[in-house]
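The residues making up each chain are set out below.
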Amino acid sequence: MLVLINRMNGIGAITMDKYRRQFILSENELSGYDAWNQGKINNALYVYIHPDLNFTQARDENHEVELSLIGYMIDPTHPDSSDLQIIENIVAAAGASFEKAIEATFPLGGRWILIFSSREGVKMFSDPCGLRTVYFTNNEAKEFMAASQPGIINDHLNFSISAFAQSGYLETKSYTDQIEYWVPSGVTLYDEISHLIPNHYLDVNLKKQFRFWPSSELPQIKLKEGVEKAAALIEGLVLAASQRFHLAIAVTAGIDSRVIMAATRKLNNKIRYYTLIYYKLNELSPDIRIPEKLLAKAGRQHEVYDCSGEMDDEFREIYMNNVDTAHPAWGNIAFGIRKWFPENYVAVKGNCSEIATKSYYKYSYPEVIDAVTLAQLSKFDDSPFAQKAIDAWLKDSYDVAEKYNYEILDLYYWEIKMGSWQATSQLEWDIVQEVFAPFNCRALLIHMLGVNVKHRSPFNNRLHKGIVRKLWPLMLTVPRNPIPLQRVIIRTIRLLKAKPTYIFIKNHIKTVLS
């Protein structure tokens, strides 16, 4: 065990175990995990859990169904419920029905993996955005394993990076030119290891994943109703989490963290608010100045953690070997978090909210949605490896999105981007902190996506502003992210180009001049 001493006086020591808050599940008994918690699933699979990662099991009265929870769940309607009470309620509601067990998780928050075991076998799925990651050996491998990331599996099975992943991704600018590189959800650099995509479950017996959601039509929700429901859920999730953990709220100048701040109104001074300085940020940046001004008006303290430095050799050694293809840039930030972040606190982040804010079609919807278009949106222009993975996902998802009235780009951002890029970030930072993302709740995301897209635009944010106004109007008294004049002009031109009138005039001029 590597122990790194926090350099802030009064905070104390933070342990840095290898594979902190990670797990591995195997059909065969493994050695080397004596310090980890151990158990069995369905009396057949061996599971090894790092001591800082929760593991909870419950069975029905007849011992026909077993639920195993890796991570934690939050129930916004029963804030005092423990993980055990929550999964016992799921068992009671679902019985032997896997589909009902999935449905019972819709209103829940947290960062978790739920394993459903019965006479029919073992199936597992993760929280809505897949922030508690699952990687598993597929039918290319003889032996079944599932783990937090490929590196743990490779400690035992020693798979090699595929030639296609090497040439089609690692040797392209999609990887070499990106400091926050990522691969589409579902695939890994190893032919024998797959990644569990959000909204899919893994059938352990078949070693294959299958989509389980969307399974019904997206409800059409009026703005007022959407605000009411979303506000109640977000506040309930934050208040319930505060019953379980000491919370530290990550705040910026953006609207996502503004919503989370508004949900903390009733908590008084029980929690902390902080902003990280990294990349190009400094003390004069809006992400620092605006939260400071806003929290001062609210009578809350704002803490700023400088994460702009580089890792020292000791931290780098363990960080870069803690997750497969770890990010040096994220490691530098994690080094700062390790130094400043308060021990025994859980970081609360606004991630996953982007799913409901037109992240990939701010100005207009693309005329053609294909793998090439999606790859370009994600900066995978020169990566045939990524494009093949996106194409496979699109063929599986397009008809489902159309059938249930979901925008395919919303689903793409949710499953392919959020389930990989953000999930990997949280996985890497498990070495220094646990994370709670209140927007990572299926019922909440459905409510928000059900509101007309014109109210979810990043340019007006009527839905998000409505939630803030409902929960804590003071949080709207300081402007959010200021937009430089140059960007205002560019956005205006793009918006005009998206309008039918502009297209008509442009085509008419072309006709006249031809």
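Residues numbered from 1 in each chain as written. Predicted model: local features only at pLDDT ≥ 70, side-chain atom pairs only at ≥ 80, totals over all residues. Heavy atoms only, no water.

**Q** Mind laying out the sheet that holds strand β17 (residues 302-306), listing which residues take part and the relevant values?
**A** Pairing is parallel in the open sheet, where 5 strands are placed in the order β17-β16-β15-β18-β19. The open sheet has two edge strands, β17 and β19 (434-436), and neither has a second partner. Strand-to-strand twist in this sheet, taken as the mean axis angle between neighbours without regard to direction, amounts to 35 degrees. (Pairing = 2+ DSSP bridges. Helix = DSSP H or I, 4+ residues; strand = E, 2+ residues; numbered from the N terminus. Axes fitted to C-alpha atoms, helices over the stretch in contact; angles between N-to-C directions.)

**Q** Before we move on, can you summarise the confidence of the model for the protein with the specific residues and values?
**A** Per-residue confidence for the protein gives a mean pLDDT of 90; residues scoring 70 or more make up 90%. This stretch, residues 498-508, has a pLDDT under 50; its non-local contacts, to residues over four places away or in other chains, come to 5 contacts. Between residues 510-514, whose pLDDT stays under 50, and residues either more than four places distant or in other chains, the model counts 0 contacts. (pLDDT = per-residue confidence, 0-100. Contact = heavy atoms within 4.5 Å.)

**Q** Let's hear about the packing of helix α10 (residues 328-340) against helix α13 (residues 408-429): which residues, and what values?
**A** The geometry of α10 relative to α13 is characterised by a closest axis approach of 10 Å and an angle of 45 degrees between their N-to-C directions. Considering the angle they form, α10 stands oblique to α13. In the crossing of α10 with α13, the sense of the turn from one axis to the other is right-handed. Touching W330, I333, A334 and I337 of α10 are W421, T424, S425, E428 and W429, all from α13. Of the residues in the contact of α10 with α13, the class split is 6 nonpolar, 2 polar and 1 charged. (Parallel < 35°, antiparallel > 145°, perpendicular 65-115°, else oblique. Left-handed = near helix turned anticlockwise from the far one by under 90°. Nonpolar A, V, L, I, M, F, W, Y, C, P; charged D, E, K, R; others polar.)

**Q** With reference to specific residues and values, describe the layout of surface pockets.
**A** In this structure, the second largest pocket spans a volume of roughly 670 Å³. Every residue lining the second largest pocket is counted, 27 residues in all, and those nearest its centre are G186, V187, S194, Q209 and A392. Among the elements of the structure, α4 (163-170), β12 (193-195), β14 (208-211) and α12 (384-403) are those that each provide at least two residues to the lining of the second largest pocket. At 6 residues, the largest contribution of residues to the lining of the second largest pocket is made by α12. Grouping the amino acids of the lining of the second largest pocket by side-chain chemistry returns 12 nonpolar, 8 polar and 7 charged. (1 Å grid on protein atoms, 1.4 Å probe; cavity = no way out; pocket = protein on both sides within 12 Å on 5 of 7 lines; lining within 4 Å. Points joined across faces, edges and corners; volume = space filled by probe spheres on them.)

**Q** Can you tell me about the sheet that holds β14, naming the residues and giving the values?
**A** With respect to topology, 6 strands assemble into an open sheet ordered β6-β7-β8-β9-β13-β14, the strand pairing being antiparallel. One side of each edge strand has no neighbouring strand; the edge strands of this open sheet are β6 (55-59) and β14. When strand polarity is set aside, the average angle formed by the axes of neighbouring strands in this sheet is 25 degrees. Two strands pair when backbone bridges link them, and strand β13 (residues 200-203) and β14 are joined in this way by 4 bridges, in the antiparallel orientation. Pairing of D203 across the sheet is with K208, part of β14. Sheet strands touched by helix α1 (residues 83-94): β6, β7 (66-74) and β8 (109-118). Its angle to β7, the strand with the most contacts, is close to 130 degrees.

**Q** Kindly report on helix α3 (residues 150-157), identifying the contributing residues and their values.
**A** For α3, the tally of buried residues reaches 6 of 8 residues, placing the bulk of the element in the interior. Those residues of α3 that fall on the buried side of the exposure criterion are P150, G151, I152, I153, N154 and L157. The elements touched by buried residues of α3 are β3 (23-26), β10 (135-137), β11 (145-147) and β12. Its side-chain oxygen 2.8 Å from the backbone nitrogen of G151, Q149 forms the N-cap of α3. Positive phi appears at N158, one or two residues downstream of α3, with a value of about 55 degrees. (Buried < 20%, exposed > 50% of the residue type's maximum accessible area, 1.4 Å probe, protein only. Polar contact = N/O pair within 3.5 Å; in protein donor to acceptor, adjacent residues only side chain to side chain.)

**Q** Which residues make up the packing of aromatic side chains, and what are the values?
**A** The full count for this structure, using the stated rule, is 23 aromatic pairs. Their ring planes at 15 degrees and their centres at 5.2 Å tell us that Y274 and Y305 sit as a pair that is stacked. Taken as a pair, Y274 in strand β16 (residues 272-277) and Y305 in strand β17 lie far apart in primary sequence, 31 residues in all. Look at Y274 and you get buried, because its relative accessible area is 3%. Each ring, one from F315 and one from F335, has its centre 5.4 Å from the other, and the planes form 55 degrees; the classification is tilted. Placement of F315 in helix α9 (residues 313-319) and of F335 in helix α10 is noted, with a sequence separation of 20 residues between them. We classify F335 as buried; its relative accessible area is 9%. Aromatic ring contacts, followed pair by pair, group F98, W112, F116, F125, Y201, F210 and F212 into a single cluster. Just above the ring of Y345 sits the side chain of R272; from NZ or CZ to the centre is 5.3 Å. (Phe/Tyr/Trp six-rings, centres within 6.5 Å; stacked < 30°, edge-to-face > 60°. Lys NZ or Arg CZ within 6 Å of the ring centre and 35° of its normal.)

**Q** Can you lay out empty space enclosed by the protein for me, pointing to particular residues and giving the numbers?
**A** In the structure shown here, the tally under the stated rule is 2 cavities of 30 Å³ or more. As a volume, the largest cavity reaches approximately 290 Å³. What lines the largest cavity is a set of 22 residues, and nearest its centre among them are Y135, V183, D324, T325 and T424. Among the elements of the structure, α4 and α13 are those that each provide at least two residues to the lining of the largest cavity. Looking at side-chain class alone, the lining of the largest cavity contains 14 nonpolar, 7 polar and 1 charged residues. Size it by volume and the second largest cavity reaches roughly 30 Å³.

**Q** Hey, could you go over the pattern of salt bridges for me, with residue numbers and the actual values?
**A** Two side chains that carry opposite charge are able to pair once their charged atoms sit near each other. All told, the structure shown has 15 salt bridges when counted by the stated rule. Between R211 and D396 there is a salt bridge; the shortest N-O distance is 3.5 Å. Pair noted here: R211 is in strand β14 and D396 is in helix α12, with a separation of 185 residues, a long-range link. Its relative accessible area of 18% is what places R211 among the buried residues. (Salt bridge = Lys/Arg side-chain N within 4 Å of Asp/Glu carboxyl O.)

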